[in-house]
Amino acid sequence: MTRTLSLLLGAATAVAAIDLVHKHLAISERGDTVFLHDRPARYVVAGAALSLAWAGAIALTRSSTIALPGGVVLGGAVGNLLSFALWPSLPGVPDAILVGRVAFSLGDVAVIGGLLMLLPAALVFAVRNRARLFEPI
């Protein structure tokens, strides 16, 4: 389980750091022109609780194959959640990337990309561990 936790937390830390640095640079350079995604306080509480549950579930799999993409998802979520603490004067999560009329952040990209990477990893895990799928928790 130590290897799984190391991969999960290492990937999450790296992704969250990259996301937060990108947001910081965008806010520093563009100031008021950075788009913000408004989030209520209950979003932060729910996001934190779900992130902890996500990390715990992945740790229980004891799978390195699942831990890496799971850490990418976790890092994206943590980056978005930490945005509230780092920039309390902003009324939402900074979305520093604009494509057409859609604004998003690297944290959003990490969540979607990590989930897409996680799907084949979960299928491989399920095939390799069929017997474990029916064990009681």
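1. With respect to the overall build of the chain
So, point 1. The helix and strand inventory of the chain stands at four helices and four strands.
So, point 2. For the chain, the residues scored as buried account for 36% of the 137 residues in total.
So, point 3. Once local pairs closer than 6 in sequence are excluded, the contacts in the chain between residues at least 24 apart make up 81%.
So, point 4. As displayed, the chain has an accessible area near 8,300 Å², and 71% of this comes from carbon and sulfur atoms.
So, point 5. Positive and negative side-chain charges of the chain, numbering 10 and 7 respectively, have mean locations separated by a distance of 14 Å.

2. Some remarks on the side chain of N80
So, point 1. Inspection of the secondary structure assignment puts N80 in helix α3 (residues 64-86).
So, point 2. Within the local environment of N80, its side chain forms a polar contact with the side chain of D108, the two groups lying 2.9 Å apart.
So, point 3. Every residue in contact with N80, bar those within four places of it in the chain, is listed here: D19, K23, Y43, V93, S105, G107 and D108.

3. What to know about a nonpolar patch on the surface
So, point 1. On the surface, M1, L5, L9 and L60 cluster together to form a nonpolar patch covering roughly 380 Å² of accessible area.
So, point 2. Relative to the helices and strands, M1 is located in the segment before α1 (2-30).

4. Comments concerning the nonpolar core
So, point 1. L8, A12, A55, I58, I66, A67, L74, L118, A121 and F125 together form the largest nonpolar core, which totals ten residues.
So, point 2. Elements that contribute at least two residues to this core include exactly α1, α2 (41-61), α3 and α4 (106-128).
So, point 3. One finds L20, I27, W87 and A96 within the second-largest nonpolar core, a separate group that totals six residues.

5. Remarks on the packing of α1 against α3
So, point 1. Viewed as axis vectors pointing N to C, α1 and α3 meet at an angle of 40°, and their least axial separation amounts to 6 Å. The two elements α1 and α3 meet at a crossing, and its hand is right-handed.
So, point 2. When its residues are assigned to classes, the contact of α1 with α3 shows 14 nonpolar, nine polar and three charged.

Reading the values: rules and limits
- Residues numbered from 1 in each chain as written.
- Predicted model: local features only at pLDDT ≥ 70, side-chain atom pairs only at ≥ 80, totals over all residues.
- Heavy atoms only, no water.
- Helix = DSSP H or I, 4+ residues; strand = E, 2+ residues; numbered from the N terminus.
- Buried < 20%, exposed > 50% of the residue type's maximum accessible area, 1.4 Å probe, protein only.
- Contact = heavy atoms within 4.5 Å.
- Areas by Shrake-Rupley, 256 points an atom, 1.4 Å probe, with all protein chains shown as cover.
- Lys, Arg positive; Asp, Glu negative; His and termini not counted.
- Charge placed at Lys NZ, Arg CZ, Asp CG, Glu CD.
- Polar contact = N/O pair within 3.5 Å; in protein donor to acceptor, adjacent residues only side chain to side chain.
- Patch = residues over 30% accessible without salt bridge, like charges linked within 9 Å, V, L, I, M, F, W, Y side chains within 5 Å.
- Salt bridge = Lys/Arg side-chain N within 4 Å of Asp/Glu carboxyl O.
- Core = buried A, V, L, I, M, F, W, Y, C linked by side-chain atoms within 4.5 Å.
- Axes fitted to C-alpha atoms, helices over the stretch in contact; angles between N-to-C directions.
- Left-handed = near helix turned anticlockwise from the far one by under 90°.
- Nonpolar A, V, L, I, M, F, W, Y, C, P; charged D, E, K, R; others polar.

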